[in-house]
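# Survey of secondary and tertiary structure
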Amino acid sequence: MTRDLLTGNAAAAWAARLAAVDYIPAYPITPATEIVETLADWVRRGEIQSRLVTMDSEHSMLAAAGAAAATGARVFTASSSQGLLYAIEMLYAVAGWRVPLVLVNVARAVAAPITLEPDHNDILAARDSGFLQIHTASCQEVLDSILIGYRLAEHPDVLLPVLVNLDGFYLSFSREPVDIPDANEVREFLPTYEPVHARFSASHAMAQGVAVLGASAYAFFKYQMQRAAEMAETVHETIATEFCRRFGRCYGSVEGYRLDDADLVIVMSNSFSTIGKAEVRRLRERGHRVGLLRLRIVRPFPHKELVWLLGGRRAVAVIDQNLSVGKGGILFAEIASAFQGRPAPPMLSFVGGLGGRRFRPGEFDQIAAAMARAAHEGGSSVPRLLYSAVEYRQVSEMLRIAHHDVPASVV
Amino acid sequence: MQTHREIFRSIKDIPREEFLAGGTGLCGGCGGLLGLRLFSKALGPNTVFVNAAGCMTLLAVFPFSPFRGSWLYTAMACAPAGAQGVRDALDVLIEKGRLPPSDDVSVVVVTGDGAAHGIGLQSTLAAVHRGLDFFYFCYDNEAFGNTGFQMSPSSPLGSRTATTPPGSTAPAGTTTRKQDLFELWRAQSPPFVATVSPAYPLDLMDKVARAKRRAGPKLFLSFATCPPGWGVEPADAVTVAKLAVETGVWPLKEAVDGAVTHTVVPHRFRPVEDYLVVQTRYRHLFEPVRQEELLRQLQEVVDRYWASAHNNNG
Ligand SMILES: Cc1ncc(C[n+]2csc(CCOP(=O)(O)OP(=O)(O)O)c2C)c(N)n1
Ligand code: SF4
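Just so you know, these numbers come straight off a predicted model, no measurement behind them. (Residues numbered from 1 in each chain as written. Chains lettered and ligands numbered in written order. Predicted model: local features only at pLDDT ≥ 70, side-chain atom pairs only at ≥ 80, totals over all residues. Heavy atoms only, no water.)

### Topic: the state of the cysteines
Operational definition: Throughout, a disulfide means two cysteine sulfur atoms within 2.5 Å of one another. Burial classes: relative accessible area under 20% of the type maximum marks a residue as buried, over 50% as exposed, and values in between as partly exposed (1.4 Å probe, protein chains only).
Under the criterion given, the structure shown has one disulfide over all chains. Residue Cys244(A) pairs covalently with Cys250(A) via a disulfide, S to S 1.9 Å. Of the residues examined, Cys250(A) reaches a relative accessible area of 52% and is grouped as exposed. Considering cysteine sulfurs only, Cys55(B) is the nearest to Cys138(B), which forms no disulfide, with 12 Å between them.

Structural data, given as structure tokens:
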């Protein structure tokens, strides 16, 4: 094992290297480019035995990735934002082929307007595709989740591809100390990929991605995917336990922070949850019994764990870093639905952090106060959009300089 | 007719063995299927067909496949990218000793003209640019067949499609010229580019045999009578395909390393009209009034093509 200062992107590249991936189809997009550039460098120096091919788009990239996995190779690739959306058609196809691969998404908000900074509308647009989703909060977790991701994707009871999400800029370009496990130890945890069903060869003809006539066959395949995703919950637990034993770092579908005695719980995901944890510490100092729950695995959705950990709290606030326009936070809706048929704590929905916008300490004060009120008055599913007077003034000023009128509808 | 053949010289040279079984759900007289069947006969059983959305997508219907080899349906835009993944994975697995070289297979893209000329052109030209070692079989029925015969960039001037019906503002039906896929490919200097027709099986199969000896991208642009779309009887599919060659509308040719040779050249060309009158997709050119000017233009396009082909000795 070595310990090095790695960006999230470099950690992702290291994971692909340690997984000894055979094939890397690539297409550039900021802020994910560094991952593939790093791998390209290693390929050119002969440090890894992988083939890297520059494709003509993400749509083609995923087609090549899935087809290579269907032929029996271990495949890695990465994208972000517009790129992930461009590939969505093929995400559905590849998941439907039931072939394992790991796709890293470096989260970045989606145009329009165009930006480079993160939120989670890109990754959550892939939510229903059949890819399993792991959302990471540190560079170390990026590396570890990719290794775990291959074991999960290749497990014969699962055979679904895996998306590992890391936030653009906040993780992609932040250097953190990362333990890089020894290649031989990784080999023991993650042996060479032996395809169970998917391979094309002269002695093994196979029809893949075939048409179905009639809904009974179609639903048969889709329900198998649902069952596999349900299986993935326990399979992940087993794999993560083994990972923990071998490498000393332990992961669950969710991560609790100061939850034990918490009355009020904030739910977040990804890198901004570290901001959330700092705010929890600050709020605790002010006497609020607050804790944080980070949703790490979004697919399969950890219904039971959430109900177990959130049930009985005095109030819950879900902070979504995404916006389903006309509805609100996507994860709020998912978490609230987990309580269907059971007594749920009062829940509040907040949307913020869009386009990389940082949360402000004052907002957490308001969230804590709103939760305290909700504990008596009950929750609400109507989303509250976090936007401050300061921000509104900034935009107004820009518009004034450009000689435009200022719309009043946002505030 | 002037011909050029090396291996498949007589009908007796055609193997009896079938690698694409009959009884599929495609239309009777489908020229695309006939071409694909001959193509796969010449190629042999060790193949992966990578397909883009179109009529041929309905060849493999769960839980059956008519192919002796493998099949992968991708999506409409990206069959060549799928072929790239399969080819690369085979290469890597063989290199690493995880697949014996004897287990290698030929990778073939199967796609209609709509995908080839339109939504899939980007991934196609990109695969050619990368020098991917694959066969590309495009059955050209000159429209989107599967979705009800709408205009594609391959639809010829003057033809009726579901989205270019002749009307008072456009009596010609399709007002654009057929996009030249052969030349789009040739511009990138792949080792082998050919037009073929199921009505000329020896020519088709001989080209496959020649192409098999070459690594890199290899195009087979196959004429494909589409009985429902063209308004011809299934039984006449081959006759119509013959007429296309005899009138000079569908030149049979190949470009090996860029140099074009016409492989079947009629001694005397029949008038283009002979080919047009037998299809209802051209009926508006003849009734209620003959569109003389358009008919003249259509003949002229063919004449000009052959004049330049002869001048270039091609
Ligand atoms: C992205 C996308 N858009 C549209 C379609 C619908 N579609 C299925 S087949 C087809 C027509 C294909 O035409 P062509 O490539 O000429 O093949 P043919 O139908 O003639 O066999 C279309 C448009 C699709 N499958 N995918
Ligand atoms: S619609 Fe045309 S191309 Fe499609 S199967 Fe029928 S005959 Fe063949």
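From this point, the discussion proceeds with the structure in view.
### Regarding the packing of helix H1 (residues 8-18) of chain A against helix H2 (residues 33-44) of chain A
Residue and element names in this part refer to chain A. Selection criterion: Between N-to-C directions, angles cover 0 to 180 degrees, with each direction set by a line fitted to C-alpha atoms, over the stretch in contact for helices. Numbering of helices and strands runs from the N terminus, with a helix taken as a DSSP run of H or I at least four residues long and a strand as a DSSP run of E at least two residues long. Note on angle classes: values under 35 degrees are labelled roughly parallel, values over 145 roughly antiparallel, values of 65 to 115 roughly perpendicular, and the remainder oblique. Crossings are sorted by hand: turned counterclockwise from the far helix by less than a right angle, the near helix makes the crossing left-handed, and turned clockwise it makes it right-handed. Residues are treated as being in contact if the distance between any of their heavy atoms lies within 4.5 Å.
Between H1 and H2, whose axes approach to 8 Å, the crossing angle comes to 45°. In terms of orientation, H1 and H2 fall into the oblique class. You can see that H1 and H2 cross each other, and the crossing is right-handed. Between H1, through Asn-9, Ala-10, Ala-12, Ala-13, Trp-14, Ala-16 and Arg-17, and H2, the contact on the second element is made entirely by Glu-34, Ile-35, Thr-38, Leu-39 and Trp-42.

### Regarding the interface of chain B and chain A
Frequently, the measure chosen for interface size is the accessible area removed from exposure when the parts meet. The condition is simple: Here's the idea: put two parts together, see how much 1.4 Å probe accessible area each one loses, and the total over both is what we call buried area. Salt bridges are defined by distance alone: a side-chain nitrogen of Lys or Arg within 4 Å of a carboxyl oxygen of Asp or Glu. Pairs of N or O atoms within 3.5 Å make up the polar contacts considered here, provided that, within protein, one atom can donate a hydrogen while the other can accept it, and that residues adjacent in sequence are counted only when both atoms are side-chain atoms. Residue polarity is assigned by list, with Asp, Glu, Lys and Arg as charged and Ala, Val, Leu, Ile, Met, Phe, Trp, Tyr, Cys and Pro as nonpolar; anything else, Gly included, falls into the polar class. Strands pair, by our definition, only if DSSP identifies at least two bridges between them.
Listed as interface residues are 41 residues of chain B and, on the opposing side, 44 residues of chain A. Its largest share of buried area at the contact with chain A, chain B owes to Phe62(B), Leu72(B) and Arg98(B), together 17% of the area lost on that side. Where chain B touches chain A, the interface holds six salt bridges. Residue Lys96(B) is joined to Asp22(A) by a salt bridge in which the shortest nitrogen-to-oxygen separation is 2.7 Å. At the surface where chain B touches chain A, the tally comes to 18 residue pairs in polar contact (both at pLDDT 80 or more). For the side of chain B that touches chain A, the element with the highest residue contribution is helix H2 (residues 79-95) of chain B, accounting for twelve residues. Across the side of chain B that touches chain A, the residue classes break down as 20 nonpolar, twelve polar and nine charged. Of the strand pairs in this sheet, strand E9 (residues 207-208) of chain A and strand E3 (residues 70-73) of chain B are connected by two bridges, and their pairing is parallel.

### Overview of the sheet that holds strand E13 (residues 297-299) of chain A
Residues and elements named next belong to chain A. Spatial ordering of the open sheet is given by E4-E5-E7-E6-E13, a layout of five strands whose pairing is mixed. Each end of this open sheet is capped by a strand with a single partner; those strands are strand E4 (76-79) and E13. On average, adjacent strands in this sheet sit at an angle of 20° to one another, irrespective of strand direction. Relative to strand E5 (residues 102-107), E4 runs parallel, the two sharing four bridges. Counterpart to Ser-79 in the pairing with E5 is Asn-105.

### Things to note about the site of ligand 1
Residue and element names in this part refer to chain B. Cut-off, in case you're wondering: Nearness here has a simple test: a residue counts as near a molecule or strand if at least one of its heavy atoms is within 4 Å of that partner. Each accessible area is a Shrake-Rupley result for a 1.4 Å probe, and residues are judged covered by the shown protein chains and nothing else.
The local shell around ligand 1 holds 17 residues, among which Cys-55, Gly-114, Tyr-139, Gly-145 and Asn-146 are the closest. Within the backbone of Ala-115, a nitrogen or oxygen atom sits 2.8 Å from an oxygen atom of ligand 1. Here ligand 1, which alone exposes 580 Å², has 76% of that area covered by the protein. For the shell around ligand 1, the element with the most residues is helix H3 (residues 113-117), which contributes three residues.

### A short note on the side chain of Ser271(A)
All names here are of chain A. With respect to the secondary-structure elements, Ser-271 resides in the loop between strand E11 (264-269) and helix H10 (272-285). Since its relative accessible area comes to 6%, Ser-271 is described here as buried. Engagement of the side chain of Ser-271 in a polar contact is seen with the side chain of Asp-167, the distance being 2.5 Å. With sequence-adjacent residues up to four places away left out, Ser-271 is seen in contact with Thr-136, Ala-137, Asp-167, Tyr-170 and Leu-171.

### Description of the pattern of salt bridges
All chains considered together, the criterion is met by 56 salt bridges over all chains. Here Arg296(A) ties to Glu141(A) by a salt bridge, and the two come within 2.6 Å at their closest N and O atoms. With Arg296(A) in the loop between strand E12 (290-295) and E13 and Glu141(A) in helix H7 (residues 139-154), this residue pair connects regions lying 155 residues apart in the sequence. Like Glu141(A), Arg296(A) is buried. The structure contains a network of salt bridges with shared partners spanning Arg51(A), Arg87(B), Asp88(B), Asp91(B), Glu95(B) and Asp104(B).

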